[in-house]
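Single-letter residue listing:
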Amino acid sequence: MARCFDLAKQGIGHVSPNPPVGAVLVYEGRILAEGYHAFYGGPHAEVMAVNNVPQEEKHLIPKATLYVSLEPCCITGKTPPCTDLIIKEGIMDVNISTRDPNPAMAGSSLERLKAKGVRITEGILEEEGQALIRSFTTNILLRRPHVILKWAQSKWGYSGTDGKQVWLSDSLTKTWSHSQRAQVDAILVGARTVETDNPSLTTRDYPGRSPHRVILDPNGRLDDHYQVFNNDGCKVFYFSNKENPRISVEHVIKNIFPEGEDHLIHILQFLFSQNIGILLVEGGAYTQKQFVKANLWDEAWVIQTQHVLSEGIVAPNVRGNLLAKQYSERDVIIAISNG
């Protein structure tokens, strides 16, 4: 099952808002084939594993045990149900890590397989399996993107200075930050961050695809000469209280907040309708604090640096459960889950 997780992780950054899934077919202690969900709308992990069995060993599939990190699907979406494939191939032994949180599934696939005489073992490394699909769980149950906050702070708890760009973390952490961008669907910043830092919000220091960009500019202060509005193949979602004629480039998707609607909820609902499953809120502190206050966050990645900045913008403050802790040169990166 741990190998299934390793395979599934290869799809992270490419399959959202679908879950990352890995599958392994084993015959008498030997791996026949492996597969994973590689891209959104593509074949599922079980299909890839079956397809990857060498032709001369196809006859062993009915005698093999299938390990899969997530309950096989039983509904038709962009691909046919994987339960149909398992039954068709005559696989009689299926081991899974965790059930699908989708209420339309939630064990119904397993019941269907059991009705066909398939032996089911579930709950193998279940906590790890649930952690692997945590963004998908948010998507399917809350009908919004999985929201991740990320910021760097000085040793005294400050994240910047008003109107001035301040780089707090070490250079290696910048590469780590870009690697995290490659794993999300979109990255959000507020107008103040755009004006102060003029960021490009790409993965230029890491070999991964850049996320789409989301710009929160309630007062319509920006123009389209900032780098975030570059036409580089990524979608740009622009949110404001009013029409801003200074944003005139055609590739920007402009969205005016409906009167009386909560801004953050509107943003999340709209992005979810655009297949944004994971949203990274990267700046600035004011915008991140809005998400914290509204309790519209799922994870926070806090980069604790040794920078001596002792005044300016106070970093957000969150409480939750420790997900991970790692070191990057002198920086300490803490990942926190909400609840």
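Please refer to the structure higher up on the page.
Chemist: What is the right way to look at the overall build of the protein in this model?
Modeler: Along its length, the protein carries ten helices and 16 strands. Relative to the 2.2 N^0.38 estimate, which gives 20 Å for 339 residues, the radius of gyration of the protein is 22 Å and therefore close to what a compact globule would have. By principal-axis analysis of the C-alpha atoms, the protein measures approximately 65 × 45 × 35 Å. Taken over 339 residues, the protein has a buried fraction of 51%.

Chemist: For this particular structure, what's the right way to read the nonpolar core?
Modeler: For soluble globular proteins, nonpolar side chains are generally found buried alongside one another. Of all hydrophobic cores here, the largest spans 28 residues; its most connected members are L25, L32, L66, I91 and V94. When neighbours within four sequence positions are excluded, L66 is seen to be in contact with A23, V24, L25, E46, I86, I91, D93, V94 and N95.

Chemist: Please clarify how the packing of aromatic side chains should be interpreted in this entry.
Modeler: Given two aromatic rings, one states the distance between the centres and the angle between the planes to describe the pair. Within this structure, the stated rule accounts for five aromatic pairs. Ring centres of W176 and W301 lie 5.9 Å apart, and the angle between their planes is 65°; this geometry places the pair in the edge-to-face category. You can see W176 sitting in helix α7 (residues 171–181) and its partner W301 sitting in strand β13 (residues 299–304), a full 125 residues away along the chain. Per residue, the accessibility class of W176 equals that of W301, and both read buried.

Chemist: It is not clear to me how helix α6 (residues 134–142) should be interpreted in this structure. Could you clarify?
Modeler: Residues three or four positions apart in an α-helix share a direction because the helix packs 3.6 residues into each turn. Regarding α6, the residues found buried are S135, F136, T138, N139 and I140. Close packing links the buried residues of α6 with β6 (146–153), α9 (263–273) and β12 (278–283). R143 lies just past α6 and shows a positive phi near 55°.

Chemist: What is the right way to look at the sheet that holds strand β1 (residues 22–27) in this model?
Modeler: Strand pairing within a sheet occurs via backbone hydrogen bonds; the two strands may be parallel or antiparallel. As summarised here, the arrangement of the five strands in space is β2-β1-β3-β4-β5, forming an open sheet in which the pairing is mixed. The open sheet has two edge strands with one neighbour each: β2 (30–36) and β5 (119–121). Taken pair by pair, the neighbouring strands of this sheet meet at an average axis angle of 20°, ignoring direction. In the sheet, β1 pairs with strand β3 (residues 65–70) via four bridges, with the strands oriented antiparallel. Within β3, the position partnered with V24 by the bridge is Y67. Taken strand by strand, helix α1 (residues 2–9) contacts β1, β2, β3 and β4 (93–98), and its axis lies near 140° from that of β1.

Chemist: Looking at this structure, I do not really get the pairing of β1. What am I missing?
Modeler: Put simply, side chains in a regular strand alternate between the two faces of the sheet. Here β1 lies mainly inside the structure; six of its six residues are buried. Side chains G22, V24 and V26 of β1 all project onto a buried face; the interleaved residues A23, L25 and Y27 project onto the opposite face, where all are buried too. Pairing of β1 with β2 involves six bridges; the strand directions are antiparallel. Bridge pairing in β2 links A23 to G35. Connecting β1 to the next strand, β2, in antiparallel fashion are two residues, including E28 with a positive phi near 50°.

Chemist: Can you walk me through α1 in this structure?
Modeler: Among all positions of α1, only C4, F5, L7 and A8 are buried. The buried residues of α1 all sit within an arc of 165° when viewed along its axis, so they share a single face. Packing partners of the buried residues in α1 comprise β1, β2, β3, β4 and α5 (126–132).

Chemist: Got a minute to help me understand the packing of helix α3 (residues 82–89) against helix α4 (residues 108–115) in this structure?
Modeler: What describes two packed helices is the angle between their axes and the distance between those same axes. The geometry of α3 relative to α4 is characterised by a closest axis approach of 10 Å and an angle of 20° between their N-to-C directions. In terms of their interaxial angle, α3 and α4 are classed as roughly parallel. Our pair here, α3 against α4, has a crossing hand that is right-handed. In this structure, α3 uses T83, D84, I86 and I87 to contact α4, whose residues at the interface are S109, R112 and L113. Here the residues of the contact of α3 with α4 sort into three nonpolar, two polar and two charged.

Chemist: When you look at the sheet that holds strand β9 (residues 212–216) in this model, what are you seeing that I'm missing?
Modeler: The strand order across the open sheet built from nine strands is β11-β10-β9-β8-β12-β6-β13-β16-β15, with neighbouring strands paired in mixed fashion. The two strands at the open ends of the sheet, each matched to only one other strand, are β11 (252–256) and β15 (321–328). Averaged over neighbouring strand pairs, the angle between their axes works out to 20° when direction is ignored. Two elements, strand β8 (residues 186–190) and β9, share five bridges in a ladder whose sense is parallel. Note on β9: the bridge partner recorded for G190 is L216. Each of β6, β12, β13 and β15 is contacted by α6, which is oriented at about 130° to β6, the strand it contacts most.

Chemist: Looking at this structure, I do not really get the pattern of salt bridges. What am I missing?
Modeler: Side chains that differ in charge, positive against negative, can pair when their charged atoms come close. In total, this model carries 15 salt bridges according to the counting rule given. Residue R99 pairs with E122 through a salt bridge whose shortest N-O separation is 2.8 Å. On the criterion of sequence distance, the pair formed by R99 in the loop between β4 and α4 and E122 in the loop between β5 and α5 is long-range, its members being 23 residues apart. On the basis of relative accessible area, E122 is assigned to the partly exposed category, the value being 33%. The network of salt bridges with shared partners includes K150, R181 and E282.

Scoring rules and cut-offs
- Residues numbered from 1 in each chain as written.
- Predicted model: local features only at pLDDT ≥ 70, side-chain atom pairs only at ≥ 80, totals over all residues.
- Heavy atoms only, no water.
- Helix = DSSP H or I, 4+ residues; strand = E, 2+ residues; numbered from the N terminus.
- Rg over C-alpha atoms; globule rule 2.2 N^0.38 Å.
- Buried < 20%, exposed > 50% of the residue type's maximum accessible area, 1.4 Å probe, protein only.
- Core = buried A, V, L, I, M, F, W, Y, C linked by side-chain atoms within 4.5 Å.
- Contact = heavy atoms within 4.5 Å.
- Phe/Tyr/Trp six-rings, centres within 6.5 Å; stacked < 30°, edge-to-face > 60°.
- Pairing = 2+ DSSP bridges.
- Axes fitted to C-alpha atoms, helices over the stretch in contact; angles between N-to-C directions.
- Arc of directions from axis to C-beta.
- Parallel < 35°, antiparallel > 145°, perpendicular 65-115°, else oblique.
- Left-handed = near helix turned anticlockwise from the far one by under 90°.
- Nonpolar A, V, L, I, M, F, W, Y, C, P; charged D, E, K, R; others polar.
- Salt bridge = Lys/Arg side-chain N within 4 Å of Asp/Glu carboxyl O.

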